[in-house]
Amino acid sequence: MATERTSLFIFFGGTGDLAYRKLYPSMFNLYKKGTLREHFGVIGTSREKLTDQQFQENVLKSLDVAKTDKEAQKFVSHFVYEAHDVTDKAHYQVLKKRADELDKTYKLNGNRIFYLSLAPSFFGTVAGYLKTEGLTDTEGFDRVVIEKPFGRDYDSAQQLNDALSKSFEEKQIFRIDHYLGKEMIQNIEAVRFGNTIVESLWNNRYIDNIQVTLSEKLGVEERASYYDNSGALRDMVQNHIMQIVNLLAMEQPVSFTDVDIRAEKVKALRSLRVYNVAEASTNFVRGQYGAGDSQRAYRDEDNVPHDSNNDTFVAGKLLFDNYRWSGTPFYIRTGKMLADKFTRVDVVFKKPLIDIFSFPQNQNAPLEANVLTMYIEPHAGFTLRLNAKTNGQGFQTEPINLDYFVDAKDSKATPEPYERLIHDVMKGDGTNFSSWQEVSYAWRFVDQIRKVWDLQKPQFPNYTPGSMGPAAADELIQRDHRQWVYRLNK
Ligand code: NAD
């Protein structure tokens, strides 16, 4: 049985899609494992009018269990509901009274987690009232969890952070980037810092380039009105991709704690080259999907303006000006309506300086580069591509793969990112959350690209659904005499 953790949770936006689809099922998993047992209570709040019982029934439905499941019934009995408009100051007193009652009933020691699963425009208001109306005046811990997006550029992110900082200290703020809760993302640190053969080669002497691909097969679905104001650069690069790149680029932390890991991540980000106009134009490309055989063009999707210049695809080259990475680029790409749904990292090593096997009479193909591929999702695992001798007479080489994949049984037992992240918040461990400094450096980098794009009119649409993005994304890497490791029609 896991160690029991004690806390009250208040979910703002507690009847939203995220709460029902991810948050409550993740909490139920923690309940089944014993992290949550007797000493927890939940208040769901939103504008909807519901009784406690109706709310409990809704939560029960979200759990994917039979209505009669005794364990689930016991779990939802800890949930209560308060209809509440977050802008209504007076209502925080009602919430406080309810919180104090649950604190007493379940002996919660005044520990409180405020989960803001709401539109970001409300974050500052809620945080302010939590403080001024006394919900944080308890003996125990107070922590606030913030969903993405954290701002839409550096200035708005800073305003948001200033508003939060009036009520909460940095160590009390948990900014969710659910990619950091993924098993294989956490494995990046294990593989790098747990293996001499990896970490000793992890630099510009031995690594030619690193490629990060977050490929989505779907289009905008019902998120069009949000997405059209965001685009792939803001929605995927500023947060998820920058976090992955950062875990790949940072130096070894002094210890495996949130404070030391964050310090190294920030140090790496400080050496990320922030592009000027010319560099941004050369090193980043954007795309928008057109129509496919049975697919509408992005501009014809519901709730998307017909003249939208929003980016549904981004590819770029990132450069770290530091001793470890100078001269070794990180290529990234992400987009919607691509060939497949997957996330992977390809670490391409330099080829041997001299290929002693390619003498003319041997007619051997030149040696291929070693590649360490980390498959993040949907299947978690690694492949290391090495060159080996082909079986039989003569001396020819061929690339072979050493593979490891998480098997189906282990994969089923892998905690959902939200389960892991909620657990981390209860422990007070900020390792897998974005610190303000990380967020601010990432925005400063991304803002430069955005600024340049805002000045230029793109030629959209420029890629077809089912491809791997516009031709310009291939040209970006080919210009450096390289190829994407994952490509179609190899
Ligand atoms: P949603 O629209 O489904 O739910 C929003 C909730 O906020 C509802 O419960 C609504 O009643 C409540 N609400 C709105 N205005 C309110 C007010 N004035 N006072 C009180 N309650 C109010 O949204 P969602 O999809 O659950 O997303 C919530 C947050 O999580 C957003 O910031 C979103 O960007 C982020 N997010 C969502 C997902 C997802 O998969 N849904 C993924 C990543 C991030």
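Residues numbered from 1 in each chain as written. Predicted model: local features only at pLDDT ≥ 70, side-chain atom pairs only at ≥ 80, totals over all residues. Heavy atoms only, no water.

The name an unreviewed UniProt entry gives the protein chain is Glucose-6-phosphate 1-dehydrogenase, with Secundilactobacillus pentosiphilus as the organism. Here the protein chain is described in UniProt, under the heading Sequence similarities (unreviewed entry), as follows: "Belongs to the glucose-6-phosphate dehydrogenase family." Note on the protein chain: under the UniProt heading Catalytic activity (unreviewed entry), the record states "D-glucose 6-phosphate + NADP(+) = 6-phospho-D-glucono-1,5-lactone + NADPH + H(+)". (UniProt positions renumbered as here; feature names shortened; annotations may be inferred.)

Draft legend 1. Structural context of the site of the ligand. As a structural note, the neighbourhood of the ligand is formed by 18 residues, with Thr-15, Asp-17, Leu-18, Arg-21 and Leu-118 the closest of them. Within the backbone of Gly-16, one N or O atom sits 3.2 Å away from an oxygen atom of the ligand. Within the side chain of Arg-21, one N or O atom sits 2.6 Å away from an oxygen atom of the ligand. Its free accessible area being 830 Å², the ligand has 74% of it covered by the protein chains. Ranked by residue count, the leading element in the shell around the ligand is helix H1 (residues 17–33), at three residues. Per-class residue counts for the shell around the ligand are six nonpolar, six polar and six charged. (Near = heavy atom within 4 Å. Polar contact = N/O pair within 3.5 Å; in protein donor to acceptor, adjacent residues only side chain to side chain. Areas by Shrake-Rupley, 256 points an atom, 1.4 Å probe, with all protein chains shown as cover. Helix = DSSP H or I, 4+ residues; strand = E, 2+ residues; numbered from the N terminus. Nonpolar A, V, L, I, M, F, W, Y, C, P; charged D, E, K, R; others polar.)

Draft legend 2. Spatial organisation of the UniProt feature "binding site: NADP(+)" (unreviewed entry) in the protein chain. Feature annotation in UniProt assigns "binding site: NADP(+)" (unreviewed entry) to the following positions: Arg-47, Asp-85, Val-86 and Lys-148. Counting through the fold element by element, Val-86 comes out in the loop between strand E3 (79–83) and helix H4 (91–106). Residue contacts for Val-86: discarding those within four places in its chain leaves Phe-12, Tyr-92, Leu-118, Phe-122, Thr-125, Val-126 and Tyr-129. Along the polypeptide, Lys-148 turns up in the loop between strand E5 (142–146) and helix H6 (154–165). A polar atom in the side chain of Lys-148 sits 3.2 Å from the backbone oxygen of Asp-235. (Contact = heavy atoms within 4.5 Å.)

Draft legend 3. Representation of the UniProt feature "binding site: substrate" (unreviewed entry) in the protein chain. The feature "binding site: substrate" (unreviewed entry), as annotated in UniProt, sits at His-178, Lys-182, Glu-216, Asp-235, Lys-336 and Lys-341 in this numbering. Looking at where Lys-182 falls in the secondary structure, it is placed in the loop between strand E6 (173–176) and helix H7 (183–193). Judged by its relative accessible area of 13%, Lys-182 is buried. Tracing the backbone shows Glu-216 in the loop between strand E7 (207–215) and helix H9 (224–227). (Buried < 20%, exposed > 50% of the residue type's maximum accessible area, 1.4 Å probe, protein only.)

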